[in-house]
Amino acid sequence: MRVLARVLILSLLVVPVALRGQSGPIPTPASVFGFEPGADFKLATYDQAVSYFQKVAASAGDRMKMVQAGKTTQGRTYWFALISSKENLAKVDHYREIARRLAHPEGLSDADARALAREGKAFVHIDGGLHATEIAGSQQTPLLLYDLMSKADQPEMKEIFDNVIFMLWPTINPDGMQMVTDWFMQHVDPANPRAQQPQMPYLYQEYVGHDNNRDAYMLNMIESRVMEHTWRDWEPNLVYVLHQAPPNPYRIWLPPFAEPIALHAPPIPSGEVNMIGMAIAQGLAQHNQPGAVHMLDTYDAWYPGYIDYNPIFKNIPSFWTETAGASAIPSNVNASEAQKQPKALYTDPYPGGEWHLRNAVEYDETAALSVLGYAAKYKESLLYGRYQAGVAQIAQGRSAAPYAYVVPQAQRDPVAAVELLRRLAFAGLRVYQLTADALDAPAGAWVIPTDQEFAALAREVLDPQAYPDVRATPAAPLNQPYDAAGWTMPLSMGVTVTAVQQPLSPDVRSKMKLLGPLPDPKAKPAPYNLAASAATDAAPFDSAPGIGFDASPNAAAIVPPAGKITGAGAALALDPAQNNTFRALNRAWKAGLDVQYASGKYLITGLSATDQDELVKTFALQAERVNAAGTSVKKPRLGVFNAPTSMDEGWTRWVLDQYGFEYARVSADDIQAGHLRDKLDVLIVTDEGGGPFGGGGRGGGRGGGGGRGGAPTAAPGTEDRVKAIDDFVRAGGTLVCFNRSSTSVIDQLHLPVANAVAGINRTQFFTGISLLNVQVDRSQRVMSGMPETAAVFYDGGPVFDPQPGFNGAVLAKYADAGSPLASGYMLGENYLHGKAAALDIPLGDGHVVLLGFRPQWRGQPFGTFRVIFNAAIYGR
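Residues numbered from 1 in each chain as written. Predicted model: local features only at pLDDT ≥ 70, side-chain atom pairs only at ≥ 80, totals over all residues. Heavy atoms only, no water.

## Quick notes on the overall build of the chain
In step 1: The secondary structure content of the chain amounts to 26 helices and 35 strands.
In step 2: The C-alpha atoms of the chain give 28 Å as radius of gyration, which agrees with the globular expectation for 876 residues (29 Å, within 12%).
In step 3: By principal-axis analysis of the C-alpha atoms, the chain measures approximately 80 × 70 × 55 Å.
In step 4: Looking at the chain as a whole, 62% of its 876 residues are labelled buried.
In step 5: Summarising the internal contacts of the chain: among those between residues at least 6 apart in sequence, 79% fall at separations of at least 24. (Helix = DSSP H or I, 4+ residues; strand = E, 2+ residues; numbered from the N terminus. Rg over C-alpha atoms; globule rule 2.2 N^0.38 Å. Buried < 20%, exposed > 50% of the residue type's maximum accessible area, 1.4 Å probe, protein only. Contact = heavy atoms within 4.5 Å.)

## Section: the layout of surface pockets
In step 1: The space that makes up the second largest pocket amounts to roughly 580 Å³.
In step 2: Along the wall of the second largest pocket there are 24 residues; nearest its centre are Thr133, Val180, Pro198, Gln199 and Met200.
In step 3: By residue number, the principal contributor to the lining of the second largest pocket is helix 9 (residues 174-187), which donates 3 residues.
In step 4: Partitioned by chemical class, the residues of the lining of the second largest pocket number 15 nonpolar, 8 polar and 1 charged. (1 Å grid on protein atoms, 1.4 Å probe; cavity = no way out; pocket = protein on both sides within 12 Å on 5 of 7 lines; lining within 4 Å. Points joined across faces, edges and corners; volume = space filled by probe spheres on them. Nonpolar A, V, L, I, M, F, W, Y, C, P; charged D, E, K, R; others polar.)

## Examining the pairing of strand 21 (residues 601-605)
In step 1: Sheet topology places strand 19 (residues 571-574) next to strand 21; 3 bridges connect them, and they run antiparallel. Following the sheet pairing, alanine 573 is matched in strand 21 by leucine 603.
In step 2: Here 5 bridges tie strand 20 (residues 594-598) to strand 21, and the two strands are oriented antiparallel to one another. Each residue of the ladder has a partner; that of alanine 598, found in strand 21, is lysine 601. (Pairing = 2+ DSSP bridges.)

## Some remarks on the packing of aromatic side chains
In step 1: A complete count under the given rule lists 44 aromatic pairs for this structure.
In step 2: Summarising the aromatic geometry, the rings of tyrosine 250 and tyrosine 346 are spaced 4.8 Å apart at their centres and angled 85° between planes, so their arrangement reads as edge-to-face. Taken together, the positions of tyrosine 250 in the loop between strand 5 (238-244) and strand 6 (252-254) and tyrosine 346 in the loop between strand 11 (331-333) and strand 12 (353-355) put the pair 96 residues apart, joining distant regions of the chain. Each of the two residues, tyrosine 250 as well as tyrosine 346, counts as buried.
In step 3: Lying over the aromatic face of tyrosine 350, arginine 251 brings its terminal NZ or CZ to 4.8 Å of the ring centre.
In step 4: Across from the ring centre of tyrosine 597, 4.9 Å away, lies the NZ or CZ of arginine 781, which sits over that ring. (Phe/Tyr/Trp six-rings, centres within 6.5 Å; stacked < 30°, edge-to-face > 60°. Lys NZ or Arg CZ within 6 Å of the ring centre and 35° of its normal.)

## A look at the pattern of salt bridges
In step 1: Applying the stated rule across the entire model yields 43 salt bridges.
In step 2: A salt bridge links lysine 377 to glutamate 159; the shortest N-O distance between them is 4.0 Å. Separated by 218 residues along the polypeptide, lysine 377 in helix 12 (residues 357-377) and glutamate 159 in helix 8 (residues 155-163) bring together distant segments of the chain.
In step 3: Judged by its relative accessible area of 35%, glutamate 159 falls in the partly exposed class.
In step 4: Close ionic contact of lysine 601 with glutamate 624 constitutes a salt bridge, the shortest N to O distance being 3.9 Å. Of this pair, lysine 601 sits in strand 21 while glutamate 624 sits in strand 22 (residues 622-626), placing them 23 residues apart in sequence.
In step 5: Lysine 601 sits in the partly exposed class, given a relative accessible area of 29%. (Salt bridge = Lys/Arg side-chain N within 4 Å of Asp/Glu carboxyl O.)

## Overview of the sheet that holds strand 13 (residues 404-407)
In step 1: Strand order in the open sheet formed by 5 strands is 16-13-15-14-17, with antiparallel pairing between adjacent strands. What marks the edges here is a single partner per strand, and that holds for strand 16 (498-500) and strand 17 (512-514). In this sheet, adjacent strand axes meet at a mean angle of 35° when their direction is disregarded.
In step 2: Sheet topology note: the strand 14 (residues 432-434)/strand 17 ladder contains 3 bridges and is antiparallel. Following the sheet pairing, glutamine 433 is matched in strand 17 by lysine 513.
In step 3: Of the strands in this sheet, strand 13 and strand 15 (446-449) touch helix 14 (residues 414-426), which is tilted by about 30° from strand 15. (Axes fitted to C-alpha atoms, helices over the stretch in contact; angles between N-to-C directions.)

## Here's the deal with the environment of alanine 262
In step 1: Relative to the helices and strands, alanine 262 is located in the loop between strand 7 (258-261) and helix 11 (267-286).
In step 2: Taking relative accessible area as the criterion, alanine 262 reaches 4% and is therefore assigned buried.
In step 3: When the C-alpha positions of alanine 262 and aspartate 300 are compared, they lie 8.7 Å apart, and in sequence the two are 38 residues distant.
In step 4: Setting aside residues up to four positions removed in sequence, alanine 262 forms contacts with Ala301, Trp302, Tyr309, Phe313 and Glu460.

## A few points about the sheet that holds strand 2 (residues 77-83)
In step 1: If you trace the 8 strands from one edge of the open sheet to the other, you get 1-2-4-3-5-10-6-8, paired in mixed fashion. The strands lining the two open edges of the sheet, one partner per strand, are strand 1 (64-71) and strand 8 (292-294). Neighbouring strand axes in the sheet, compared pairwise and without regard to direction, differ in orientation by 25° on average.
In step 2: Of the strand pairs in this sheet, strand 6 and strand 10 (residues 318-323) are connected by 2 bridges, and their pairing is antiparallel. What sits directly across from isoleucine 252, in strand 10, is threonine 323.
In step 3: Across the sheet, helix 3 (residues 46-60) is in contact with strand 1, strand 2 and strand 4 (164-169); its angle to strand 1 comes to roughly 145°.
In step 4: With respect to the sheet, helix 5 (residues 92-103) is in contact with strand 1, strand 2, strand 3 (122-127) and strand 4, its orientation differing from that of strand 3 by roughly 95°.

## A look at the pairing of strand 30 (residues 789-794)
In step 1: The buried count for strand 30 comes to 5 of 6 residues, which makes it a mostly enclosed element.
In step 2: Here strand 29 (residues 770-776) pairs with strand 30 via 6 bridges, running antiparallel. The residue of strand 30 that forms the bridge with valine 774 is alanine 790.

Printed below as a string of structure tokens:
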């Protein structure tokens, strides 16, 4: 579909072009890859893309610089290119200082801000995406680089090079790009290139796969921290991340987003996003690339966890686009007559036809060039708007509640509070500490005042969410959230946070000490984790290994109360309310020490007083010396059902790894082979539709939770696996099931439990992914350390209704009346009244533990991690 002259010209630009003032001709992508970007049945790897970028940089002289941002999980280097005029790059530190000063506007006058906006340049981040199977974006960036550099002296490019400092990333998922492209090129059949390829049998980012763009406020992943660190170093004025595959027959989805958008998204950058989306559509139409659509019900911007939307809470216009198709294999697109009709937000319909990867690449390039053109034309507005949005946030924090958030040091798990605060500080929020009693809190409590420029982020993640009732008509069903409906960090992490409803008086402010320095506009940028010190755990008490959050001086200054031991006795008693208790237990088992359980606590014996002090200090534990003894707890032989492309299993492994658990990944074939009890004490099965029995279907519980139900799919060998699991439990093993896997286990093992929401239509019962309150039976060992009421992530799982013959224990239940909603959305609360959220069912000599929620959802609910840990050692 190459009817446009411009595209024809771009596709023919394969001859090296010598540029005035540069050191040599610009090499074409084909000269490095051996094929044109977007060619059918061909993909360039990350290594090839970086090699090409470096070759261009060597030829481009003073118009391009390569910058390292950090290392990935697999050790690859993050690279991005700085592209601008030679005059701009010669003064890039000065322009970066201007961008950082406007980003942090406290004390800056309006006149000075306007002058800086006039002088400054727009830093624009555009990347090749991070969903590695959405290949067009990363295949496009070399072509965009070539066309920019080879046309740098032409009039249409001059405004961009003069007014923009372009941060072009080949991709922001280097490991994934390398894995996906390697897999494709190894498995494409030259004799039959259109043949269906086998699915890549592992996640394209360690642990999280497709969830890698949903970690933006938790920052659990190394890759998320690399990006956040880089953005705080450079403070770009615009962030654009490329994605792929909107609904047919549309060819590219663009902002404005669907309703609802985030409640606390600042209006100035939100308006900029809308304008940029329309500018892209105009650019596509002008170049005869039809099919651009806006809004749709599909892509809302309610969830702040998106890496491509979270920067908006720091006053940066940030967004993504979705271009059609995600394959290097051509396809045909059909459009009905109705779909060919123009609409207000689909003004240039796509008529249908053959679609190639090259088409998607060209659409992405037009979109990127439109964004750069917008930034060049309106660079002063972008820079001044960053200042204005920050000033507005500061003013709001001084005129409207909440005026601050207070986090006392006294918590059920003091380290969880530090985990929360370190993430926010790493993201640019300033955290203070009380030097004396104030704000109804004792000295030592942490304070996040809202009169700061990034306060929108604090409001967005610390306040409970109330997902709006968005419907096409009053009688229509609710528009389903694109992602989560509720995520409030204090609730999910089990941390007490109080919103201050009165302005902060001068007396209160005099008792607030800033942790870490104020942002320094002149501070030099540094890669996140390239130093040798990254191999050492900077803060062993938190969940981030290596340099962790200590790369930020503000975050590094937030530390938990020092570990402390009270009492006297030979045994060290640890409270499972503290997640780090389980780190200590795993260290004790590794050292061959004895662990016991008594009265809701774990006891470690055999440690000298010095070793006890060191253990407690390392993990910032509050412990007690006692003489009590209890039931022996052996190190568990733990297995995790290996669903190799499951993000839920990946997140489970992440949680277990951070807290020192050793485990085996148990495949369906391993289960079918039987004799599990010879190898395992506990088997964890995460949120998998077919459970441990294969098939991958979605269990009946999903139907009530979100209208995504259906019976589990039978798979070859199911009967053998059912028998193997049944034998394992009856022989004394413990089977632990998360969310949907509970349904298949109930069905296959014939447990006396019904799903109270099976078959209920989503117009009657619906929550989306929301936080619901449950009442906990803390006398049950699996619930040791939990509070009486806890918030859990409910995501369309089963709601348990014990039936006649049930002889187990209800670990957690929903209240008999009222709404269990803590944050998010709740329709049909009556279906949950009095029903169970978690069960422990004896079966033979073993146990089946069913959790009707996701206790490790995206590594966020620190408040329910201990349920996983208790269950993991229940079998010994």
